[in-house]
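Coordinates in review
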Amino acid sequence: MSLYDRVSGLSLEVEGYDLEPLEHVVSPEFTRRTTVVRLRGGGHEGIGEDVTYGPDDQAAFQSEGPTLPLAGSHTLDSFSQLLERLSLWPSGPALDQFRPYRSWAFESAALDLGLRQAGTSLHEAIGRDPKPVTFVSSMRLGEPASIEPFQRWLDAYPALRFKLDPTSTWDDGLVTALVETKKVDTLDLKGAYEGTPVDQDADPTLYARVAMAFPDAWIEDPKLTEETDPILAPHRDRITWDAPIHSIADIQGLPFPPKTLNFKPSRFGSVRGLFDAYDYCSSEGIAIYGGGQFELGPGRGQIQYLAALFHSETPNDVAPGGYNASSPPPGLPASPLTPAPSKTGFRWAEEPS
């Protein structure tokens, strides 16, 4: 039986839904905004989070309010099919890549609601035990790049491991200092992004520098060109993909078979899409680590839950939200995270019932 078959027939009674805005001021230039979707029915509530990055998209969604015709009796699968027929965007999105993020908010809320109405949890429904979750802290090192933010976190949490975003201002001195820490698990080259604040050009010098200096680190999302492909060819077993992965078809369309991939559930847009991709990677021997989308609410606990079930020991970019702070706050949980699923539903236990 496929993973999706284990949950697709969940009964789902929906009476309505509410939207809850969340925001976190990261800097004077950037405020992160998300929206919590709260599906109601049968005395229960299911929660999901729209992690769309466009602030105007979030404002339009929240302003329109709960106008979608979702009320009724469904299965999880029929509810998903209903979502496919509806227009989830009052305007926009600013970038087409945001479309599955909103679908995932409703789908994850529906999965949570269906499980809670059935009186069971996700791990019970699919027959897997959650395990302690290894995580890394993800960061950029500024422009021009400096080891200072990295070192500040390492001083506060000496056991912490990292996923870093190399940029063209990484020089030999910085790379040498980072290598000496032996704390870098993943290098995200951001070569698959276009039109975003984190774009990084395909820089042959940078690619050669980091590939040689960090022989054990994963190399994520390179942009393969006539210049960079030969540089990275000897390192193909370490090349992973994130931004291009939305479906099994995307995995099959990669330039060469991957050894491992970064799964961000919101990119898949549906429970079926995500669970089918888990099954596919299992059958093909492709390892997975999880990634986040700067969730502010229940979405973070949900990706930690999925990591606990499917890829607990890999360098998951699912650190607790406190690791997004500009300066290290005291008392943050250490890796690995102790499993904390709720007794029912698709949520981490600390989320309100």
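Residues numbered from 1 in each chain as written. Predicted model: local features only at pLDDT ≥ 70, side-chain atom pairs only at ≥ 80, totals over all residues. Heavy atoms only, no water.

Moving on: empty space enclosed by the protein. Summed over all chains, the structure comprises two cavities of 30 Å³ or more. The space that makes up the largest cavity amounts to roughly 60 Å³. Along its surface, the largest cavity is lined by E49, V51, W104, P265, S266, Q293, E295, G299, Q302 and I303. Every element with two or more residues in the lining of the largest cavity is listed here: helix 10 (265-268) and helix 12 (298-310). (1 Å grid on protein atoms, 1.4 Å probe; cavity = no way out; pocket = protein on both sides within 12 Å on 5 of 7 lines; lining within 4 Å. Points joined across faces, edges and corners; volume = space filled by probe spheres on them. Helix = DSSP H or I, 4+ residues; strand = E, 2+ residues; numbered from the N terminus.)

Read across the open sheet, the five strands follow the order 6-7-8-9-10; overall the sheet is parallel. Edge positions in the sheet fall to strand 6 (137-139) and strand 10 (239-240), since each has one partner strand and no second. (Pairing = 2+ DSSP bridges.)

Our focus in this paragraph is the layout of surface pockets. Roughly 1,400 Å³ of internal volume is contained in the largest pocket. As for the largest pocket, its lining consists of 42 residues, of which F30, Y53, R140, V198 and F294 are closest to the centre. Considering each element in turn, the lining of the largest pocket owes the most residues, four residues, to strand 2 (residues 16-27). Class assignment for the residues of the lining of the largest pocket results in 19 nonpolar, 13 polar and 10 charged. (Nonpolar A, V, L, I, M, F, W, Y, C, P; charged D, E, K, R; others polar.)

Turning to helix 12, a few remarks are in order. Look at helix 12: 19 Å from first C-alpha to last across 13 residues, which is about the 18 Å you get at 1.5 Å a residue. With 13 of 13 residues buried, helix 12 is to be regarded as a mostly interior element. (Expected span 1.5 Å × (residues − 1). Buried < 20%, exposed > 50% of the residue type's maximum accessible area, 1.4 Å probe, protein only.)

Here the focus is the nonpolar core. Counting 91 residues, the largest nonpolar core has V7, L70, L122, W170, F263 and F275 as the members making the most contacts within it. Of the residues forming this core, the biggest block, nine residues, is contributed by helix 3 (residues 99-118). The residues touching L122, leaving out its near neighbours within four places in the chain, are V7, L111, L115, F275, Y305, L306, L309, G345 and F346. (Core = buried A, V, L, I, M, F, W, Y, C linked by side-chain atoms within 4.5 Å. Contact = heavy atoms within 4.5 Å.)

Let's shift gears to the packing of aromatic side chains. For the structure on display, the rule yields 19 aromatic pairs. Taking the centre distance of 6.3 Å and the plane angle of 70° together, the rings of F30 and F294 count as edge-to-face. In this pair, F30 sits in strand 3 (residues 30-41) while F294 sits in the loop between strand 12 (287-290) and helix 12, placing the two residues 264 residues apart along the sequence. The exposure class of F30 is partly exposed, given its relative accessible area of 32%. Considering the side-chain rings of Y53 and F98, the 6.4 Å spacing of their centres and the 45° angle between planes classify their relative orientation as tilted. In this pair, Y53 is assigned in the loop between strand 4 (44-50) and helix 1 (55-64) and F98 in the loop between helix 2 (76-85) and helix 3, connecting sequence segments 45 residues apart. (Phe/Tyr/Trp six-rings, centres within 6.5 Å; stacked < 30°, edge-to-face > 60°.)

On any regular strand, side chains alternate: one points to one face of the sheet, the next to the other face. Of all the five residues making up strand 8 (residues 184-188), five are buried; the element is thus mostly covered by neighbouring parts of the structure. With three bridges connecting them, strand 7 (residues 162-164) and strand 8 associate as parallel partners. Bridged to K163 within strand 8 is T186. Considered for its hand, the β-α-β crossover made up of strand 7, helix 6 (residues 172-181) and strand 8 is right-handed. Bridge count between strand 8 and strand 9 (residues 218-220): three bridges; the pairing is parallel. (Right-handed = clockwise from strand over helix to strand, strands pointing away.)

Structurally, the position occupied by H235 is in the loop between helix 8 (228-232) and strand 10. When its relative accessible area of 17% is taken as the criterion, H235 is described as buried. If sequence neighbours within four positions are ignored, H235 has contacts with A211 and I219.

Picture the strands of a sheet paired through backbone hydrogen bonds; they go either parallel or antiparallel. Read from one edge to the other, the open sheet built from three strands follows the order 2-3-4, with strand pairing classed as antiparallel. Here the strands that pair on one side only, and so sit at the sheet edges, are strand 2 and strand 4. Averaged over all adjacent pairs, the angle separating strand axes in this sheet is 20°, with direction ignored. By the bridge criterion, 11 bridges tie strand 2 to strand 3 in an arrangement that is antiparallel. Within strand 3, the residue paired with V25 across the bridge is T31. (Axes fitted to C-alpha atoms, helices over the stretch in contact; angles between N-to-C directions.)

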